[in-house]
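Observations on the three-dimensional arrangement
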Amino acid sequence: MSNAFRIFKMNVISTFKLNFITKNTSKKERAKAILMLALILYALGAFGFTSALNYQFMAEALKPLGLMIFIPVMAMISSVMISFITTIYKANGYLFSPKDYDLLTSMPIKSKDILIAKMLMLLLTNYLFIFIAYIPGVIVYAMHETVSVWYYLANFIIMIFIPLIPMVLGSILSYFITRISTKFKRNQLVLTILVLAMFVLIMIGSFAYTQFLEIITQNSGTILDQIKWIYFPAFLLVKTLLEADIFAFLAFLALSLIIFAAAVWIINQKYQSINAKLKERFQSSNYKLEELHVTSTLKAIFKKDVKRYFGSTIYFINTAFGMVILLIVTIASMFTGLDVLSTMIGMDLSNLPIYEIIVIMFVMINSLSSTTSPSISLEGKYMWIMKSMPIDPKTIYKSKLLLNLLVLVPIEIVCAIVLGIVFSFTLPQTLLLMFITVVYAFAISVGGLLINILKPVFQWEQEVTVVKQSMSVLFAMLYGVAMAVVPILIYNEANITNTPIYILVVGLMVAMLTAVMYGWIMTRGVKRFYEFS
């Protein structure tokens, strides 16, 4: 067991870069680590505050009806869903088939200790997200209702046990998704599609938030009775908080602990064979050497980048999900008009200028869809190979940019045309929407690449470190949000009335800024390439 905690400790230190803060490292590295940790804490606080506002909105609607008990219930269900999704997302490549599995098994360490360490790390990750989903609901409920010390004590213990069951379910689903994908030739692509489909279904369900709140207010008694059939632990929570039922409280703890312990025991029995099976790959039994084709250097590198992109579930999901949302909104708008946008934003848009809203939606989605911000870092330990080959760095940079444009531009052009037809935009309006969309696609692509050239990270063990936790991705996101928000603020504060002219001017200014950044990449960026280490 001591080995399990040692592995867990090393994983925590590595993930949060605590060694750069506590050890005798350079001031620059220590400052970067402290900044990253501070930004993580800030992000958690910001999401927690947003979560509290949502619960407050629910409380204002439910309190007059005497249905405040649904606040902690919704907090629990939200926490369960977050834990479930997080586990699906992280289990493959961490709990199952971890990159350091071969290294750990080569040491005198029991597989049980490896499994426990991985489970603990997965639990810690879940707790970070549950903290911002569950605690705000508990606080909002206490602000509106009279509660005792038992309420706080029970909720603290309940929060510790909440992720256990969804972690088990998410791990099982993640295993089967990965296992199914290994049966196909392009197994990583299949895995990406399956995970994306799962997230899309969950996202579509979340769009029904407003309707769900209306159902609650109209059928409170029926829903309370049905909760025990939908998710029995939530029913035990209601009994614990509403009736101070100690037996329901203990039943919740026992149920969660038994299911979790049983799952760990079962997985441990087959942990080595599970990881062996998940490393299986499809191999063609009738391989034949066919005619070889010569292609340009740019095309060859671009094909490699495309395969890498669609073969990495984490990379694809984090950078293409905005386009998935855009597609869903576009398709739904064909049948519901503004209703789908109103549901997403949580406010009535029928009296607002729809053209401006569509433009803002395209710009904001663009700002969160940069494939270039981690693209240089993802070369990792193979960067020296790229540097040693007779390839112009400009060609490598152009390939990274083309990939981002491939992900963004075709989908956005089609969606712009469809939405222009759905909402009866004029031809000039539709063309202007396409223009500003393409301009921002170039701006996000070029800006993300420039930032990654300045802030590359080549020493990493898991892709998630680069794709989600690196400084370049964070700065690229801030850059994208600033590019979207600043023109919107100027538009509102200056009371601009000629919207088309303003959009055209903003587009031209962004295009000029993009041209300047592109020029830097093709000159100073090339010199920077040879300094990578």
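Everything that follows concerns the structure shown earlier in this document.
None of these values were measured; they are calculated from a predicted model.

1. Notes on the overall build of the chain
- Looking only at helices and strands, the chain features 25 helices and zero strands.
- Here the chain, with 533 residues, has 47% of them falling under the buried criterion.
- Contacts in the chain between residues far apart in sequence, at least 24 positions, make up 82% of those at least 6 positions apart.
- In the structure as shown, the chain presents an accessible area of about 27,500 Å², 69% of it carried by carbon and sulfur atoms.

2. Some points on a nonpolar patch on the surface
- Nonpolar side chains collect at one region of the surface, where Ile501, Leu504, Val505, Leu508, Met509 and Met512 lie side by side and expose about 570 Å² of accessible area between them.
- Inspection of the secondary structure puts Met512 in helix α24 (residues 499–521).
- You can call Met512 exposed: its relative accessible area is 55%.

3. A short note on the nonpolar core
- In terms of nonpolar packing, the biggest core is built from 74 residues, with Ile358, Phe362 and Tyr397 touching the most fellow members.
- Tallying contributions element by element places helix α21 (residues 427–454) first for this core, with 14 residues.

4. So, the side chain of Thr330
- Secondary-structure assignment places Thr330 in helix α16 (residues 313–336).
- A relative accessible area of 4% means that Thr330 is categorised as buried.
- In this structure the side chain of Thr330 is engaged in a polar contact, spanning 2.7 Å, whose partner is the backbone oxygen of Leu326.
- Residues in contact with Thr330, not counting those within four places in the same chain, are Cys415, Val418 and Leu419.

5. Overview of the environment of Ile69
- Relative to the helices and strands, Ile69 resides in the loop between α3 (27–62) and α4 (70–91).
- If sequence neighbours within four positions are ignored, Ile69 has contacts with Tyr141, Val238, Leu241 and Leu242.

6. Side note on the packing of helix α7 (residues 149–161) against helix α13 (residues 246–269)
- Between α7 and α13, whose axes approach to 10 Å, the crossing angle comes to 15°. Taken together, the axes of α7 and α13 are roughly parallel relative to one another. Where α7 crosses over α13, the two elements pack in a sense that is left-handed. Side by side, α7 and α13 meet where Trp150, Ala154, Ile157, Ile158 and Phe161 of the first sit next to Ile246, Phe249, Phe252, Leu253, Ser256 and Leu257 of the second.
- Partitioning the contact of α7 with α13 into residue classes produces 10 nonpolar, one polar and no charged.

7. Thoughts on α4
- Between its first and last C-alpha, α4 extends 31 Å over 22 residues, near the 32 Å set by a 1.5 Å rise per residue.
- Note on α4: the residue one or two positions beyond its end, Gly93, has a positive phi of about 95°.

8. Details of the packing of helix α20 (residues 393–422) against α21
- Running from N to C, α20 and α21 cross one another at 155°; their axes reach a closest spacing of 9 Å. Classified by the interaxial angle, the pair formed by α20 and α21 is roughly antiparallel. Here α20 runs over α21; the crossing is right-handed. Every residue of α21 that contacts α20 at Tyr397, Lys400, Leu401, Asn404, Leu405, Leu408, Val409, Glu412, Ile413, Ala416, Ile417 and Gly420 is listed here: Thr430, Leu433, Met434, Thr437, Val438, Ala441, Phe442, Ser445, Val446, Leu449 and Ile453.

9. Details of the packing of aromatic side chains
- Using the criterion set out here, one finds 17 aromatic pairs in the structure.
- One aromatic cluster in this structure is built from Tyr397, Phe458, Phe529, Tyr530 and Phe532.

10. A few points about the pattern of salt bridges
- Scanning the model with the defined rule gives six salt bridges in all.
- A salt bridge links Arg308 to Glu463, with the shortest nitrogen-to-oxygen separation between them at 3.3 Å. Residue Arg308 is found in helix α15 (residues 297–310), and its partner Glu463 is found in helix α22 (residues 463–469); the two are separated by 155 residues along the sequence.
- Classification of Arg308 as partly exposed rests on a relative accessible area of 29%.
- Overlapping salt bridges, with partners in common, bring together Lys304, Asp305, Glu379 and Lys400 in one network.

11. So, helix α12 (residues 232–243)
- In this model α12 runs 16 Å from its N-terminal to its C-terminal C-alpha over 12 residues, within 8% of the 16 Å that 1.5 Å per residue would give.
- For α12, every residue scored as buried is listed here: Pro233, Ala234, Phe235, Leu236, Leu237, Val238, Thr240 and Leu241.
- In the segment just after α12, Ala244 is the residue with positive phi, at about 50°.

12. Notes on the side chain of Thr372
- Among the secondary structure elements, Thr372 is positioned in the loop between α18 (354–367) and α19 (383–388).
- On the basis of relative accessibility, which here comes to 0%, the residue Thr372 falls in the buried class.
- Polar side-chain contacts of Thr372 include one of 2.8 Å to the backbone oxygen of Ser445.
- Apart from the residues within four sequence positions on either side, Thr372 is in contact with Lys400, Leu401, Asn404, Ile444, Ser445, Gly448, Leu449 and Asn452.

Definitions and cut-offs
- Residues numbered from 1 in each chain as written.
- Predicted model: local features only at pLDDT ≥ 70, side-chain atom pairs only at ≥ 80, totals over all residues.
- Heavy atoms only, no water.
- Helix = DSSP H or I, 4+ residues; strand = E, 2+ residues; numbered from the N terminus.
- Buried < 20%, exposed > 50% of the residue type's maximum accessible area, 1.4 Å probe, protein only.
- Contact = heavy atoms within 4.5 Å.
- Areas by Shrake-Rupley, 256 points an atom, 1.4 Å probe, with all protein chains shown as cover.
- Patch = residues over 30% accessible without salt bridge, like charges linked within 9 Å, V, L, I, M, F, W, Y side chains within 5 Å.
- Salt bridge = Lys/Arg side-chain N within 4 Å of Asp/Glu carboxyl O.
- Core = buried A, V, L, I, M, F, W, Y, C linked by side-chain atoms within 4.5 Å.
- Polar contact = N/O pair within 3.5 Å; in protein donor to acceptor, adjacent residues only side chain to side chain.
- Axes fitted to C-alpha atoms, helices over the stretch in contact; angles between N-to-C directions.
- Parallel < 35°, antiparallel > 145°, perpendicular 65-115°, else oblique.
- Left-handed = near helix turned anticlockwise from the far one by under 90°.
- Nonpolar A, V, L, I, M, F, W, Y, C, P; charged D, E, K, R; others polar.
- Expected span 1.5 Å × (residues − 1).
- Phe/Tyr/Trp six-rings, centres within 6.5 Å; stacked < 30°, edge-to-face > 60°.

So yeah, pure geometry; function would need other evidence.
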